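So you can see what is in the structure, the chains are spelled out below.
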Amino acid sequence: MANTDTGDTDTDNASQRLAELHHYFREHPVTGPEGHSYTRPGTGHAASTAPGLPYNQRVCDHIRASVTEVVQHTRTAAPDAGLPQHIEDVYDWAREHTENAPADVQLNRDITEYRHRLEHAVHAGDFSVVRPHRCPACRTLGLHWQPERQRAVCLNLHCARSNKGHSRSWTLGRLALEHVTAEKSLRECAT
Ligand SMILES: [Zn+2]
């Protein structure tokens, strides 16, 4: 939880986005402080969310699914990893426990973390995180997030023309894969 607000610009990552989402969720509780005790698995309160505020329920489900996904991935590689202390620590925790894991495990971890950064932002209504990505097919900028389809659509006309007139669309998972593998090959070129 301890966000050191140093004015550092390097805070737009999955941890920070998850912390914001978590913070928002705690300030807009479903039923009260006990209504979403997903931060403390095992205390027996986790199922006490009530219907009525679907947005919060969706955010709650999303947070829980994200943390569970990272924990399960990590434990596959490191069965003795235990659990992260706070949900926002889950990405640091995962890196710590997989730093000596095989390359494909680490790559998967990085892709998941990057995808989560995008997902957390989109869940918080910030679609601007999608725009800096290039369309994997035509390599141009101009992707637009369509929440109802949960996909990023390429608005480039040439791209659509080369796809029988239909705009291409991409999942956040695909964008994360493209981004992380491109960064990785850049790093490998530099060394
Ligand atoms: Zn395109």
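The model shown is predicted, which means the values in this text are computed figures rather than measured ones.

This next bit is on the overall build of the chain. What the chain contains, in helices and strands, is six helices and three strands. Counting the 191 residues in the chain, one finds 26% classified as buried. Relative to all contacts within the chain whose residues are 6 or more apart in sequence, the contacts with residues 24 or more apart total 45%.

All right, on to the pairing of strand β1 (residues 143-146) then. Residues L143 and W145 line the buried face of β1, whereas the alternating positions H144 and Q146 sit on a face that is not buried. Here four bridges tie β1 to strand β2 (residues 151-154), and the two strands are oriented antiparallel to one another. Of the residues in β2, the one forming a bridge with H144 is V153. The antiparallel pairing of β1 with β2 creates a hairpin that spans four residues between the two strands, and Q150 there sits at a positive phi of about 55 degrees.

Our focus in this paragraph is unusual backbone geometry. Glycine aside, residues mostly have negative phi, and peptide bonds are mostly found in the trans state. At R139, a position not held by glycine, the phi torsion is positive, near 65 degrees. Structurally, R139 can be placed in the loop between α4 (103-123) and β1. Here K164, not a glycine, exhibits a phi torsion of approximately 55 degrees, which is positive.

Moving on: the confidence of the model for the chain. When pLDDT is averaged along the chain, the result is 82; 79% of the residues meet or exceed 70. A low-confidence stretch, residues 1-9 stays under pLDDT 50, and its non-local contacts, those more than four residues away or across chains, total three contacts. This model gives residues 30-53 a pLDDT under 50, and the stretch forms 33 contacts once residues within four places in sequence are excluded.

This next bit is on α4. If you check α4, its first and last C-alpha atoms are 30 Å apart, about what 21 residues at 1.5 Å a residue would give, namely 30 Å. One or two steps after α4, the chain reaches G125, where phi turns positive at roughly 85 degrees.

This part covers the environment of L155. Tracing the backbone shows L155 in the loop between β2 and α5 (157-161). On the basis of neighbour counts, which here come to 14 C-beta atoms within 10 Å, the residue L155 falls in the partly exposed class. On a C-alpha basis, the gap between L155 and S167 in space is 6.5 Å, while along the polypeptide they are 12 residues apart. In this structure L155 touches G142, H144 and S167, once residues within four positions along its chain are discounted.

Reading guide: rules and limits
- Residues numbered from 1 in each chain as written.
- Predicted model: local features only at pLDDT ≥ 70, side-chain atom pairs only at ≥ 80, totals over all residues.
- Helix = DSSP H or I, 4+ residues; strand = E, 2+ residues; numbered from the N terminus.
- Buried ≥ 20, exposed ≤ 12 C-beta atoms within 10 Å, placed from the backbone.
- Contact = placed C-beta atoms within 7 Å.
- Pairing = 2+ DSSP bridges.
- pLDDT = per-residue confidence, 0-100.
- Expected span 1.5 Å × (residues − 1).

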